[in-house]
Amino acid sequence: QVQLVESGGGLVQAGDSLRLSCAASGGTLSIFTMGWFRQAPGKEREFVAGISWISCGSTAYADSVKGRFTISRDNAKNTVYLQMNSLKPEGTAVYYCAADRAFRVTTSPSNYDYWGQGTQVTVSS
């Protein structure tokens, strides 16, 4: 089974930056896309960004983070990153790394088969 481990969360001020990392192991050859989701208290889990693991490395972003967040990958390390700039208080949430077998990035949590434990990001005003 695929295992995902997130790291890099923390407490920051509005406007600051963080970089999240997600390391994958245990059968990663079955993974074709990876994504980041976030879930705030009392809200549904929502798509943040995704990247294809095939050579083209196509990406997708939620409208709320376009221009501020960047998703990237390191194939040799089986790791995906989420660079978050200009963080806003509404970005406070638990951020989850996820993986599925789709060739194209999808935005629904139900399409992803593997999930990490999550890392807390708190953005103060």
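Up top is the structure these notes are about.
Anyway, here's the lowdown on the structure attached to this text. (Residues numbered from 1 in each chain as written. Predicted model: local features only at pLDDT ≥ 70, side-chain atom pairs only at ≥ 80, totals over all residues. Heavy atoms only, no water.)

**As for the layout of surface pockets**
- The computed volume of the largest pocket comes to approximately 170 Å³.
- Among the residues making up the lining of the largest pocket, the classes are represented as two nonpolar, four polar and seven charged. (1 Å grid on protein atoms, 1.4 Å probe; cavity = no way out; pocket = protein on both sides within 12 Å on 5 of 7 lines; lining within 4 Å. Points joined across faces, edges and corners; volume = space filled by probe spheres on them. Nonpolar A, V, L, I, M, F, W, Y, C, P; charged D, E, K, R; others polar.)

**Looking at the nonpolar core**
- Among the nonpolar cores identified, the biggest contains 35 residues, and Leu4, Met34, Trp36, Val80, Leu82, Met84 and Tyr95 are the most heavily contacted of them.
- Going through the elements one at a time, strand 3 (18-25), strand 4 (33-39), strand 5 (46-52), strand 7 (69-74), strand 8 (79-84), strand 9 (93-100) and strand 11 (119-124) are the ones with two or more residues in this core.
- At five residues, strand 9 tops the list of elements feeding residues into this core.
- Sequence-distant contacts of Met34, that is, excluding residues within four places in its chain, are made with Leu4, Cys22, Ala24, Gly50, Ile51, Trp53, Ile71, Val80, Cys97, Ala98, Ala99 and Tyr112. (Core = buried A, V, L, I, M, F, W, Y, C linked by side-chain atoms within 4.5 Å. Buried < 20%, exposed > 50% of the residue type's maximum accessible area, 1.4 Å probe, protein only. Helix = DSSP H or I, 4+ residues; strand = E, 2+ residues; numbered from the N terminus. Contact = heavy atoms within 4.5 Å.)

**Section: the pattern of salt bridges**
- Per the stated rule, a full pass over the model turns up two salt bridges.
- Note that Glu46 and Arg38 form a salt bridge whose closest N and O atoms lie 2.8 Å from each other.
- When the shortest N-O distance is used, the salt bridge between Asp63 and Lys66 registers 3.2 Å. (Salt bridge = Lys/Arg side-chain N within 4 Å of Asp/Glu carboxyl O.)

**As for the pairing of strand 5**
- Of all seven residues in strand 5, six are buried; the element is thus mostly enclosed.
- Bridging between strand 4 and strand 5 involves six bridges; their strand directions are antiparallel. The partner of Phe37 across the bridge, within strand 5, is Phe47.
- Between strand 4 and strand 5, which pair antiparallel and follow one another directly, the connecting turn spans six residues, one of which, Gly42, has a positive phi of 75 degrees.
- Here strand 5 runs beside strand 6 (residues 59-61); their pairing, made up of three bridges, is antiparallel. Across the sheet, Ala49 pairs through a bridge with Tyr61, a residue of strand 6. (Pairing = 2+ DSSP bridges.)

**Details of the state of the cysteines**
- Under the definition given, this model contains one disulfide.
- With its sulfur 2.0 Å from that of its partner, Cys22 forms a disulfide with Cys97. Linking Cys22 and Cys97, the disulfide has an S-S dihedral of approximately -80 degrees and is accordingly described as left-handed. Of the two residues, Cys22 sits in strand 3 while Cys97 sits in strand 9, which places them 75 residues apart along the sequence.
- Look at Cys22 and you get buried, because its relative accessible area is 0%.
- Residue classification places Cys97 among the buried positions, given a relative accessible area of 0%. (Disulfide = S-S within 2.5 Å.)

**Let's talk about the sheet that holds strand 3**
- Pairing is antiparallel across the open sheet formed by four strands, whose spatial order is 1-3-8-7. The open sheet terminates on both sides in strands that have one partner only, identified here as strand 1 (3-7) and strand 7. Across the sheet, the axes of successive neighbouring strands diverge by a mean angle of 15 degrees, strand direction being ignored.
- Pairing of strand 3 with strand 8, which is carried by six bridges, proceeds in the antiparallel orientation. (Axes fitted to C-alpha atoms, helices over the stretch in contact; angles between N-to-C directions.)

Functional significance is not addressed by these values, which are geometric in nature.
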